[in-house]
Every structure is written in C-alpha cells, then in structure tokens.
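Residue-level listing of the chains:
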Amino acid sequence: LNILSLLYHKNHDFYHAVELGREALGYYRRLTEKNPQVYAAYEASLINNLAALLMEMNKTAEAEALYREALDLYRCLTEKKPRVFADYEENLAAMKALTISNLAVLLGNMNRMEEAEGLLGEAWEALGAANALRRLAANNLKYYDVDVAGSYLNLAEVLRRMGKKSVANRLL
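Caption draft 1: How the structure looks around the packing of helix α3 (residues 36–56) against helix α4 (residues 60–80). Closest axis-to-axis distance for the α3/α4 pair is 8 Å, and the angle between their directions is 155°. For the element pair α3 / α4, the angle class is roughly antiparallel. Considering how the two elements wind past one another, α3 and α4 form a crossing that is left-handed. Across the interface between the two elements, Ala40, Ala41, Glu43, Ala44, Ser45, Ile47, Asn48, Leu50, Ala51, Ala52, Leu54 and Met55 from α3 touch Glu62, Ala63, Leu66, Tyr67, Glu69, Ala70, Leu73, Tyr74 and Leu77 from α4. Within the contact of α3 with α4, the residues separate by chemical class into 16 nonpolar, 2 polar and 3 charged.

Caption draft 2: The packing of aromatic side chains, seen in detail. Under the criterion given, the structure shown has 2 aromatic pairs. Here the aromatic rings of Tyr28 and Tyr39 are separated by 6.4 Å at their centres, their planes lie at 65°, and the arrangement is edge-to-face. With Tyr28 in helix α2 (residues 14–34) and Tyr39 in helix α3, this pair connects stretches of sequence that are 11 residues apart. Its relative accessible area of 26% is what places Tyr28 among the partly exposed residues. Tyr39 gets classed as partly exposed once you look at its relative accessible area, which sits at 26%.

Rules of the game
Residues numbered from 1 in each chain as written. Predicted model: local features only at pLDDT ≥ 70, side-chain atom pairs only at ≥ 80, totals over all residues. Heavy atoms only, no water. Axes fitted to C-alpha atoms, helices over the stretch in contact; angles between N-to-C directions. Helix = DSSP H or I, 4+ residues; strand = E, 2+ residues; numbered from the N terminus. Parallel < 35°, antiparallel > 145°, perpendicular 65-115°, else oblique. Left-handed = near helix turned anticlockwise from the far one by under 90°. Contact = heavy atoms within 4.5 Å. Nonpolar A, V, L, I, M, F, W, Y, C, P; charged D, E, K, R; others polar. Phe/Tyr/Trp six-rings, centres within 6.5 Å; stacked < 30°, edge-to-face > 60°. Buried < 20%, exposed > 50% of the residue type's maximum accessible area, 1.4 Å probe, protein only.

Okay, here's the thing in structure tokens:
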C-alpha cells in the first residue's frame, strides 16, 4: 500500500496517495502495537512520508501533527536503540534528521521561523550522529545518503529564509 501510495503521489494523484498512505499507516500502527521493536521505525517513516504529502497539498496543520508524531517515534528509537535496529542505527539518526528538517521547512513555510530555528540544533546533532555512524559502517553508505542530503538541503532552506545565506551556502 505504501509503495502504491508513493506511485500515486509521483503521478500527482494526491487524493489516492493520501488515502492509501493512511490505510498503510493503519496497518503499521497495528503491527507496531503488537511488536514495536520491529515495526516502530517503519511506522515513523510512513508517517514522515504521509506528512510530506500533506505538506505538498498545503494541509499544514495535519502535516505538522504527523511530523511531530514521527519525530517523537524517532526520538524514542534513537534513545532506546532497540537491538533489532542495531545495524541500522545510522539510518535512524538520518531519518530523525530528515524528519526534523522537514518539520523545520514546514514551520518556515508557516512563518514560524523561531520554532524552525529551534529545531536546527537537534537536526545538526542527528546529522552528526548519522555521519559518525556512517563512517563506522561505510558499507551501508549507499543506502542512506539521500536522507542526509535531503536534511542538509532542508536545513539550508530554513537558514536561507532566516537571512543566514552564508551559513546556508556552506551546507550545499
């Protein structure tokens, strides 16, 4: 369902993309209830994707709530570090950074720059953790570079909107 939702999104059929994304999220919520150690990260990723779609549709209140929910899940996962995700710890840090930066961009779009700026420190910390872990697990680099790159682009956009163009340019 999630892949089908992404295909609808790619074809600009937002109604069906959201519908299928919500249906997939319902399944993942039930799976996470039964086995959070295995499914919580997948649920958080799906929530982040659905929030991004809703942001694109200008449904900012719903997108913000979902980004915050995904971020709470990622915070919990990166603090507890379930054994099942030990090999993917750098991915959790990268996805946390991406979710933070997505939320910061949304807040910036809503002219809530102080809140967006408040997230930057946590995003930098998550990116630093992701990059440090990647250096330790160089064989997995090819799988997660897109998340880190997306986070840097989002953070550069927030910094640019805050008038900090020289700092933003150093990220790119």
